[in-house]
Amino acid sequence: HSLKLVAGLTLEPRGAFGPMAKSQPALLEAFRKPDFDVATFVRDATGQGNERVARLTQQLEDCASSFDAELQREIIACHEELLQNASSISNLDGQLGDIREVVDMLKSSIARIKGDIMSPFLGVKRKTMLLERMESVNILIRKLRLFLFDARKLRTQMDTPAKDLSKAAHTLHELEAVLKEGGLDRIDLLRAEVTWIRETGLRIRQQAEGDLRSGARQGNQIALSVALQVFFNLQCMWPQLRRLLSEMVEEFSQAALPAGSGFQQALEMNLQVLAAQTQRVHLLDEVVRSKTDPLTQKTFSSVLEEEGVTSLTSRFWSEATSSLKAKLARVSQDRASRKALVSECPKVLKALAEALEKVNHAGRARGPVLRAPEREALFAAAADLRNEFLGESIRRVTEPVDMMLPDKLMAALSSGERSGSAGGAGGTSEGNIADELPTSHDLKRYVQLLVAELERCESCPDLLLKEVVRGVRSSVLLFATRLEQVVDTSCLEVRCFESEARLKLRSPLPMPAAGHARNARLFGIAHHTLAALRDAVPLRFQAAIVTPQVQSTLQQTQAVIVSPMFSALRRSMGVGITSLENVMEGRTDDGSPMMLAVSQVCVHVSRYYLSLFGPGQLFAQTKELCIHFVRLFLSAAALVKPCGEAVRKALAQDMQAVENALCALDVDFQASIRHEASVFREFRRLIFAPSVEALDFEALSKVIPLHLLLSYLVHQLPVNVPTLPQFCQDSTAAFLEGTLMPLWEDSQEEGLSKFRAKMGELSDKYDLDPSSSTLAAFVMSQMG
């Protein structure tokens, strides 16, 4: 029972074992394990080093002392219980004896370890430290020998008449690397040598710096190459190049750029300095790119790339253009100076472009020196001036528009107050307002101003002219848009018929209102504007200013004014030719009432409406209308069947009405529409011919379009042969619009081929005999 009690005290320490339990928990746990092996414990303990073994030994001794003390206290505390279990004391004593034996064995083993391991270890440690010191001395001696060798080598290289600074720099760099480690200058015998080496290094650097500057200034590639090799060998090439670039930028920054009358000359001097410096840096850049160290085979440019520098030229140009931008900003701080500077912006930009061209011209043999990024950086220095100039340019080209068509005038022309009858108070107001519209002199001055603005920027085609051209076009488009806004839309159409379907004339015919005169005036303004642009704008600007968009916008303004009037006349002719389907129906001694009405309307419109427009302004519109009249009437006349003598006389009367309408629209229509007029005359002869069979059809086909001639001749065939619209199962109006009228413009003759093929079908269906008549023979010869 006592042995169990002691074992329990050992395996399960209580709180009274506090110090030992807290300081040696792992050690006690190892001893408590049932499979504890002394040999293994000793082997593990001795393998951790001398210091560890000493600490472990001390811990074991402390544990044994603590264990004895605790055991004594426990025995005293359990004295009564121990006395009651005195029979087990002898067994406990045996167990304690075994424990003491184990502890003694551990102590002896540790002592043996100290003697067998720690003493040899300390000896080895002393010898190792001695060897380390010997090695350090050996390295120092070798460095000293190498240092002295390199020092003698450097003296030899510096004493030769033809000094090779690049080799001396390589030797100097090795010596300086040794000196950086420190200590040699404390040796008395080497102090003088170290001083000389440092002085020599200073001389080599100063000479290389001088060679670098003079080589860059004089363009001496040999001097540059030697200096760069020296700095490469000294491993300070980029710092030296950076210093040189900074000096060049500083030299450019020091160049004066005063405001006032001498600004342009000073700017040119600044740009000359910039161009010269850039050429020098470019030469230096090319030398750097071309060199490779012969010893290490390392390119010089790779040194710059390691520092994040891709090009010396680009770096210098960036810093120099920033300096130029700061100079221009200082000059433009004063309001008066800035205003003068903005007005001289084209000259400034031209000077910048010439400087850029000068730099690139020097390097054309090897490609451009400055590329797009450098170009943008240069012009960015004057970006504020350019933007302000372009703003002023837009103001200069738009102000005339505001002056010619001000908002007040626009509002007056657009308000309902101006719509009064002619001759009344409203008419007087309309006349007064119309007098404020721009005159032809105003338009010429306006175009001259636009041309002056273009010529002012002509020296800078890429930087200014493109934007100014865009501004000039916008100004013209704005002017055209404003013209269209003040058109009196209530006076666009001319209503001369009570019913267009029957062409019944109004009585009396309507007369022009005040708005018609204003619209005619606006039409003339658009006409004169376009003419002034074509005449006054130089040929070199014509394609950029008088663009299809500008022309179509101005022509659209004209079309808004006259298209309704001319469309009404076209529609009246389209209705009038419907009377040809039954030529003899409803006719009077003077002719077809419808055709006479069309002629009368044309005379009235020309006398009272078209006369409001300036001479020649409606030439294109009247010519187009006359051509349409001739083609439409002749196409409809060719489809008339039967075409006896009475019908031909009626057609001749209608042709006279058409001719009167043509004369009213254009007195000189014979010359204006020469081709259609000759066809009109020849068709009249064809109608008046006493016998169709006697005509020379080949000669007629040379004047009259073939489709028109064939249509007329087919309708002269016997009655059993139907008209072409009937054969095609189409109405006369639809056949005219869809077949005959397009053939007048059939330049490729594709439509004519289809037309002839259709007549071939007609011939086959009705068994036309070419031997029956010359007319049938000619028609069949022309069929597809």
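Everything quoted here is computed from the prediction, not taken from an experiment.

1. Things to note about the overall build of the protein chain
At step 1: Counting its regular elements, the protein chain contains 36 helices and 2 strands.
At step 2: A compact globule built from 784 residues should have a C-alpha radius of gyration of about 28 Å, whereas the protein chain, at 57 Å, is more than 25% larger.
At step 3: By residue count, 44% of the 784 residues in the protein chain fall in the buried class.
At step 4: Taking all contacts inside the protein chain whose residues are at least 6 apart in sequence as the whole, residues at least 24 apart take part in 75%.

2. Some remarks on the packing of aromatic side chains
At step 1: Scanning all chains against the criterion turns up 5 aromatic pairs.
At step 2: Centre to centre, the rings of Tyr446 and Phe479 are 5.7 Å apart; their planes meet at 45°, and the pair counts as tilted. Taken together, the residues Tyr446 in helix 21 (residues 440–456) and Phe479 in helix 22 (residues 461–485) connect sequence positions 33 residues apart.
At step 3: Residue classification places Phe479 among the buried positions, given a relative accessible area of 0%.
At step 4: Each ring, one from Phe683 and one from Tyr712, has its centre 5.5 Å from the other, and the planes form 70°; the classification is edge-to-face. Of this pair, Phe683 sits in helix 30 (residues 674–688) while Tyr712 sits in helix 32 (residues 706–714), and the two are 29 residues apart along the sequence.

3. Topic: the side chain of Glu176
At step 1: Positionally, Glu176 belongs in helix 8 (residues 165–180).
At step 2: Looking at Glu176, its side chain comes within polar contact range of the side chain of Arg205, at 2.9 Å.
At step 3: Setting aside anything within four residues of it in sequence, one finds Glu176 in contact with Gly201, Arg205 and Leu234.

4. Focus on unusual backbone geometry
At step 1: A cis amide bond, omega -5°, links Ser507 with the succeeding residue Pro508.
At step 2: Structurally, Pro508 can be placed in the loop between strand 2 (504–505) and helix 23 (514–536).
At step 3: If you check the backbone angles, Gln297 has positive phi at about 60° while not being a glycine.
At step 4: Here Gln297 is to be found in the loop between helix 12 (263–290) and helix 13 (300–306).
At step 5: On the basis of relative accessibility, which here comes to 57%, the residue Gln297 falls in the exposed class.
At step 6: For Gln729, which is not a glycine, the phi torsion comes out positive at approximately 55°.
At step 7: Examined against the element boundaries, Gln729 turns out to sit in the loop between helix 33 (724–727) and helix 34 (732–743).

5. Let's talk about the pattern of salt bridges
A side chain with one charge can pair with a side chain of the opposite charge if their charged atoms come near.
At step 1: The full count for this structure, using the stated rule, is 34 salt bridges.
At step 2: Across the pair Arg540 and Glu458 runs a salt bridge, and its minimum N-O distance is 2.5 Å. Of this pair, Arg540 sits in helix 24 (residues 539–545) while Glu458 sits in the loop between helix 21 and helix 22, placing them 82 residues apart in sequence.
At step 3: The exposure class of Arg540 is partly exposed, given its relative accessible area of 49%.
At step 4: Glu745 is paired through a salt bridge with Arg631; the nearest N and O atoms lie 2.4 Å apart. Separated by 114 residues along the polypeptide, Glu745 in the loop between helix 34 and helix 35 (750–766) and Arg631 in helix 27 (residues 619–638) bring together distant segments of the chain.

6. Quick word on the side chain of His628
At step 1: If you trace the backbone, His628 turns up in helix 27.
At step 2: Looking at His628, the relative accessible area reads 16%, which means it is buried.
At step 3: Look past the residues within four positions of His628 in its chain and what remains in contact with it is Arg570 and Met741.

7. Some points on the nonpolar core
At step 1: Ranked by size, the top nonpolar core spans 209 residues in total, and within it Leu241, Leu312, Phe633, Leu634 and Phe683 carry the most contacts.
At step 2: Here Phe683 is in contact with Leu634, Ala637, Ala638, Met655, Ile704, Leu708 and Tyr712, once residues within four sequence places are set aside.
At step 3: Listed in part, the 12 residues of the second largest apolar core include Leu27, Val42, Leu60 and Ile110.

8. As for helix 34
At step 1: Along its 12 residues, helix 34 runs 16 Å from first to last C-alpha, staying within 8% of the 16 Å computed at 1.5 Å per residue.
At step 2: Within helix 34, the full set of buried residues consists of Phe735, Leu736, Leu740, Met741 and Leu743. When helix 34 is viewed along its axis, its buried side chains cluster within an angular range of 140° and face the same direction. Opposite the packed face of helix 34, turned more than 90 degrees from it, sit the exposed residues Glu737 and Gly738.
At step 3: Packed against the buried residues of helix 34 are helix 27, helix 32, helix 33 and helix 35.

9. So, the packing of helix 34 against helix 35
The description of two helices packed together rests on the angle between their axes and the distance between the axes.
At step 1: Between helix 34 and helix 35, the least distance of the axes is 8 Å, while the angle of their chain directions is 125°. As judged from the angle between their axes, helix 34 and helix 35 are oblique. Crossing angle aside, the handedness with which helix 34 passes helix 35 is left-handed. The segment helix 34 lies against helix 35, with Phe735, Thr739, Leu740 and Leu743 engaging Gly751, Leu752 and Phe755.
At step 2: Looking at the contact of helix 34 with helix 35 residue by residue, the classes come out as 5 nonpolar, 2 polar and no charged.

10. Some details on the packing of helix 22 against helix 25 (residues 548–576)
At step 1: Contact geometry for helix 22 and helix 25: axes closest at 9 Å, N-to-C directions at 10°. With respect to helix 25, the element helix 22 is oriented roughly parallel. In contact with Arg473, Val476, Leu477, Ala480, Leu483 and Glu484 of helix 22, helix 25 contributes Gln549, Val550, Thr553, Leu554, Gln556, Thr557 and Val560.

11. Overview of the environment of Glu676
At step 1: Structurally, Glu676 can be placed in helix 30.
At step 2: In this structure Glu676 comes out as buried when scored by relative accessible area, which is 6%.
At step 3: Placed 29 residues apart in sequence, Glu676 and Pro705 show a C-alpha to C-alpha distance of 9.9 Å.
At step 4: Each residue touching Glu676, except ones within four places of it in the same chain, is listed here: Ile627, Val630 and Arg631.

12. Focus: a nonpolar patch on the surface
At step 1: On the surface, Leu130, Leu131 and Met134 cluster together into a nonpolar patch covering about 320 Å² of accessible area.
At step 2: Within the secondary structure, Leu130 is located in helix 7 (residues 89–159).

13. Looking at the confidence of the model for the protein chain
At step 1: Per-chain confidence: the protein chain averages 86 in pLDDT, with 91% of residues scoring 70 or above.
At step 2: Low pLDDT, under 50, characterises residues 1–23; the stretch is placed with 29 contacts to residues that sit more than four places away or in other chains.
At step 3: Predicted confidence for residues 416–428 stays below pLDDT 50, and this span has 11 contacts to residues more than four positions away or in other chains.

14. Brief notes about the environment of Val546
At step 1: Mapped onto the elements, Val546 comes out in the loop between helix 24 and helix 25.
At step 2: Using a relative accessible area of 9% as the deciding quantity, one classes Val546 as buried.
At step 3: Between the alpha carbons of Val546 and Gln558 there is a distance of 16 Å; along the sequence they are 12 residues apart.
At step 4: If near-sequence neighbours (up to four positions away) are discounted, Val546 is found in contact with Leu530, Leu533, Arg534, Phe541 and Gln551.

15. Focus on the state of the cysteines
At step 1: According to the stated counting rule, one finds 0 disulfides in the structure shown.
At step 2: The cysteine Cys496 is free of any disulfide, with Cys602 supplying the nearest cysteine sulfur at 9.3 Å.
At step 3: With a relative accessible area of 3%, Cys496 lands in the buried category.

16. Concerning the environment of Ser225
At step 1: By secondary structure assignment, the location of Ser225 is in helix 10 (residues 221–233).
At step 2: With 262 residues separating them in the primary sequence, Ser225 and Val487 have C-alpha atoms 77 Å apart.
At step 3: Once residues lying within four places of it in the same chain are set aside, the contact partners of Ser225 are Val287 and Lys291.
At step 4: Within the structure, Ser225 has its side chain in polar contact with the side chain of Lys291 (distance 2.9 Å).

Calculation notes
Residues numbered from 1 in each chain as written. Predicted model: local features only at pLDDT ≥ 70, side-chain atom pairs only at ≥ 80, totals over all residues. Heavy atoms only, no water. Helix = DSSP H or I, 4+ residues; strand = E, 2+ residues; numbered from the N terminus. Rg over C-alpha atoms; globule rule 2.2 N^0.38 Å. Buried < 20%, exposed > 50% of the residue type's maximum accessible area, 1.4 Å probe, protein only. Contact = heavy atoms within 4.5 Å. Phe/Tyr/Trp six-rings, centres within 6.5 Å; stacked < 30°, edge-to-face > 60°. Polar contact = N/O pair within 3.5 Å; in protein donor to acceptor, adjacent residues only side chain to side chain. Salt bridge = Lys/Arg side-chain N within 4 Å of Asp/Glu carboxyl O. Core = buried A, V, L, I, M, F, W, Y, C linked by side-chain atoms within 4.5 Å. Expected span 1.5 Å × (residues − 1). Arc of directions from axis to C-beta. Axes fitted to C-alpha atoms, helices over the stretch in contact; angles between N-to-C directions. Parallel < 35°, antiparallel > 145°, perpendicular 65-115°, else oblique. Left-handed = near helix turned anticlockwise from the far one by under 90°. Nonpolar A, V, L, I, M, F, W, Y, C, P; charged D, E, K, R; others polar. Patch = residues over 30% accessible without salt bridge, like charges linked within 9 Å, V, L, I, M, F, W, Y side chains within 5 Å. Areas by Shrake-Rupley, 256 points an atom, 1.4 Å probe, with all protein chains shown as cover. pLDDT = per-residue confidence, 0-100. Disulfide = S-S within 2.5 Å.

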